[in-house]
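# Remarks on the overall topology
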Amino acid sequence: MKISIFGLGYVGAVSLACLARDGHAVVGVDIDEAKLELIRNGRTPVVEEGMVALMQEVAASGRVLVTQDAARAVRDTDISLICVGTPSASNGAQDQSALVRLAHDLGRGARGKDTSHVFVFRSTMVPGTVEDILTPILERESGKASGTDFHVAFQPEFLREGSSIRDYDKPPFTIVGASSDVPVQVLRQLFGHLPGEFISTSIRTAETVKYTCNNFHALKITFANETARLCNALGVDPFAVMDLVCRDRQLNISPAYLRPGFAYGGSCLPKDLRATMHLARTHDVELPLHAAISLSNRVHVERAIGKVLDTGKRRIGMIGLSFKTGTDDLRESPLVQLAEHFLGKGLELLVYDPEVHLSRLLGANRRFIEQHVPHIGALIRHDLAEVVAASELLVLGLRDRDTVASLRNLTRDDHVLVDLVDIPDRAGMRGDYIGLCW
Ligand SMILES: NC(=O)c1ccc[n+]([C@@H]2O[C@H](COP(=O)([O-])OP(=O)(O)OC[C@H]3O[C@@H](n4cnc5c(N)ncnc54)[C@H](O)[C@@H]3O)[C@@H](O)[C@H]2O)c1
């Protein structure tokens, strides 16, 4: 395949070297003549393990050309990988000036071309950039239509500096964001042999995944470092702690707890986080990331309250009250917080939770209701139909399949359904649907 690569920094130079190594004819484009000269002479423009030898090898192969002429590079190739820098502007916004300038040149290149072309954006860019900013420039400058005369895709790059050739050859997965099948097939030809799953999705999803991955990595590093600071103060070995934490592949290093939904609560997470913060304070250890967790959780609860209040409905039915589906534990349940807020606002409230029947509740949970929220205890009904019939708005706070199945028969067209937990199989349910996570 004839490939042009725009921006010969870490991402572009490594891609150029690896694609040429794999037998492709590659045209490298950069505005920095010094980088082009290095590549012409078989030298690497970036310091990366293995790049010195690989650049020598591919320069000698005759499969690598470099130029500053972007339009010509488009005309002479079938597919372009765009890897120019997207640094921070002084206000934290993404500086897209290099991308935007380049898009004009790419469009002009496509104007003079008889055959179709695939533009693959690999620079990290804020969601919406490809479809809202770059594609319109390409269409204007080329006088052609995206999706027919040329194609665009976003393929996030997951290589890490320091191990970029190894990462190129063994990515965690290959994600292609595209709005048609053509660029997906072309990229499957180019990268489908790599280990890791090949996944196609929408362009915006792919753009967002890249940010989410980087944010998650930053979060992990900071979490480990904060944990180490606390361990240090306690005289505990942070490496032993984090090593054991990571060995749990069921709850810790796994998809568990990573599904968007409602706020956390219950008898463990809130109190243990509070105790951790207290412990840190008594040892003069700052844990800003840990401190932000409960703040963020509160924002999530407030958002749910806002969604309900914004509807203006006054007769509320809460389906679910315990802190998660399948338990009767009400301690620090965010749904109890919601219920108290609604009562405080003078709304009419009834509650149904298949696990929370006052007559059946024992021990700590019964005491909790009697001592802390007796007013809510009085609003709990055993009959789902009664709660649904009396309500204008239903807050769906549990994922219990039997309850959801019953709701399908009980909901009315005039109901508003506020779904906090992404209930399963909601097809067939009547009423206006408002999702918390949508
Ligand atoms: N560095 C990484 O490890 C890494 C990993 C994944 C994704 N990314 C993303 O990939 C993109 C590139 O990162 P990088 O570290 O390789 O950047 P870089 O700064 O090392 O290189 C960018 C190159 O683009 C060139 N350039 C600028 N304008 C150009 C134009 N109009 N035409 C051609 N070339 C032009 C620059 O001269 C420079 O050589 C960024 O969006 C970055 O966020 C980087």
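### A word on the overall build of the chain
When helices and strands are counted, the chain shows 17 helices and 13 strands. Here the C-alpha atoms of the chain give a radius of gyration of 28 Å, more than 25% beyond the 22 Å that 2.2 N^0.38 yields for 438 residues. Once the C-alpha set of the chain is aligned to its principal axes, its extents read approximately 80 × 60 × 40 Å. The long-range fraction of contacts in the chain, counting pairs at least 24 apart against all pairs at least 6 apart in sequence, stands at 68%. Taken as a whole, the chain presents about 21500 Å² of accessible surface, with 53% of it coming from carbon and sulfur. Across the chain, 48 positive and 54 negative side-chain charges occur, with their mean positions spaced 1 Å apart.

### Quick look at unusual backbone geometry
Trans is the common state for peptide bonds, and a negative phi is the common state for residues other than glycine. Although it is not a glycine, aspartate 422 adopts a positive phi angle of roughly 55°. Residue placement: aspartate 422 occurs in the loop between β12 (416-419) and β13 (432-435). In this structure, aspartate 425 is a non-glycine residue whose phi angle is positive, near 50°. Mapping aspartate 425 onto the fold places it in the loop between β12 and β13. Looking at aspartate 425, the relative accessible area reads 48%, which means it is partly exposed.

### Side note on the sheet that holds strand β8 (residues 197-201)
Pairing in this open sheet of eight strands is mixed, and the strands run β3-β2-β1-β4-β5-β6-β7-β8 from one edge to the other. Two strands bound the open sheet, and with one partner strand each, they are β3 (64-67) and β8. On average, each strand axis in the sheet is inclined to that of its neighbour by 25°, with strand direction left out of account. The sheet contact formed by strand β5 (residues 117-121) and strand β6 (residues 150-154) spans five bridges and is parallel. Considered in β6, the bridge of phenylalanine 119 is made with valine 152. In the packing of helix α1 (residues 10-21) onto the sheet, the strands contacted are β1 (2-6), β2 (25-29), β3 and β4 (79-82), and the crossing angle to β1 comes to about 165°.

### So, the sheet that holds strand β10 (residues 348-352)
As summarised here, the arrangement of the five strands in space is β10-β9-β11-β12-β13, forming an open sheet in which the pairing is parallel. Edge positions in the sheet fall to β10 and β13, since each of these pairs with one other strand and no more. Between one strand axis and the next, the sheet turns through 20° on average, direction left out of account. Sheet topology note: the strand β9 (residues 315-319)/strand β11 (residues 393-396) ladder contains four bridges and is parallel.

### Details of the environment of glycine 85
Note on placement: glycine 85 falls in the loop between β4 and α5 (97-111). Note on glycine 85: relative accessible area 46%, which makes it partly exposed. The contact partners of glycine 85, leaving out residues within four places of it in the chain, are Asp95 and Ala98.

### Describing the pattern of salt bridges
In the structure shown here, the tally under the stated rule is 24 salt bridges. Of the charged contacts in the structure, one is a salt bridge between glutamate 226 and arginine 229, with a shortest N-O distance of 3.8 Å. Here the residue glutamate 226 and the residue arginine 229 both occupy positions in helix α9 (residues 203-234), the gap between them amounting to three residues, near one helical turn. By relative accessible area, arginine 229 is classed as partly exposed at 39%. The partner of aspartate 414 in a salt bridge is arginine 412, and the shortest N-O contact between them spans 2.8 Å. Residue aspartate 414 is classed as partly exposed on the basis of its relative accessible area of 48%. Residues participating in the shared-partner salt-bridge network are Arg21, Asp22 and Asp169.

### Some details on a nonpolar patch on the surface
On the surface, a cluster of nonpolar side chains totalling about 260 Å² of accessible area is made up of Phe216, Leu219 and Leu258. Looking at where leucine 219 falls in the secondary structure, it is placed in helix α9. Note on leucine 219: relative accessible area 39%, which makes it partly exposed.

### Section: the site of the ligand
Surrounding the ligand, one finds 22 residues, the nearest of these being Val11, Asp30, Lys35, Thr86 and Glu161. Taking tyrosine 10, its main chain carries an N or O atom lying 2.9 Å from an oxygen atom of the ligand. The set of elements that each furnish at least two residues to the shell around the ligand consists of α1 and α5. Of the residues in the shell around the ligand, the class split is 10 nonpolar, six polar and six charged.

### Some points on the packing of helix α6 (residues 129-142) against α9
Close contact between α6 and α9 brings their axes to 9 Å; oriented N to C, the two are set at 110°. Accordingly, the angle class assigned to the pair α6 and α9 is roughly perpendicular. Along its contact with α6, which presents Thr129, Val130, Glu131 and Asp132, the element α9 presents Ile203, Arg204 and Glu207. Looking at the contact of α6 with α9, its residues break down into two nonpolar, one polar and four charged.

### Focus on the packing of aromatic side chains
Applying the stated criterion across every chain, the model contains three aromatic pairs. An angle of 70° between the planes, with centres 6.3 Å apart, marks the rings of tyrosine 168 and phenylalanine 191 as edge-to-face. Within this pair, whereas tyrosine 168 is found in helix α7 (residues 164-169), its partner phenylalanine 191 is found in helix α8 (residues 181-191), the two being separated by 23 residues in sequence. In this structure phenylalanine 191 comes out as buried when scored by relative accessible area, which is 2%.

### Section: the nonpolar core
Grouped together as the largest cluster of nonpolar side chains are 46 residues, with contacts concentrated most on Phe262, Met318, Leu338, Phe342 and Leu420. Here this core gets five residues from one element, more than from any other, and that element is helix α13 (residues 334-344). Setting aside anything within four residues of it in sequence, one finds leucine 420 in contact with Gly261, Phe262, Ala304, Leu335, Leu338, Val395, Leu396 and Leu436. Val14, Val64, Val118 and Leu159 belong to the second largest nonpolar core, which has 38 residues in total.

Criteria and thresholds
Residues numbered from 1 in each chain as written. Predicted model: local features only at pLDDT ≥ 70, side-chain atom pairs only at ≥ 80, totals over all residues. Heavy atoms only, no water. Helix = DSSP H or I, 4+ residues; strand = E, 2+ residues; numbered from the N terminus. Rg over C-alpha atoms; globule rule 2.2 N^0.38 Å. Contact = heavy atoms within 4.5 Å. Areas by Shrake-Rupley, 256 points an atom, 1.4 Å probe, with all protein chains shown as cover. Lys, Arg positive; Asp, Glu negative; His and termini not counted. Charge placed at Lys NZ, Arg CZ, Asp CG, Glu CD. Buried < 20%, exposed > 50% of the residue type's maximum accessible area, 1.4 Å probe, protein only. Pairing = 2+ DSSP bridges. Axes fitted to C-alpha atoms, helices over the stretch in contact; angles between N-to-C directions. Salt bridge = Lys/Arg side-chain N within 4 Å of Asp/Glu carboxyl O. Patch = residues over 30% accessible without salt bridge, like charges linked within 9 Å, V, L, I, M, F, W, Y side chains within 5 Å. Near = heavy atom within 4 Å. Polar contact = N/O pair within 3.5 Å; in protein donor to acceptor, adjacent residues only side chain to side chain. Nonpolar A, V, L, I, M, F, W, Y, C, P; charged D, E, K, R; others polar. Parallel < 35°, antiparallel > 145°, perpendicular 65-115°, else oblique. Phe/Tyr/Trp six-rings, centres within 6.5 Å; stacked < 30°, edge-to-face > 60°. Core = buried A, V, L, I, M, F, W, Y, C linked by side-chain atoms within 4.5 Å.

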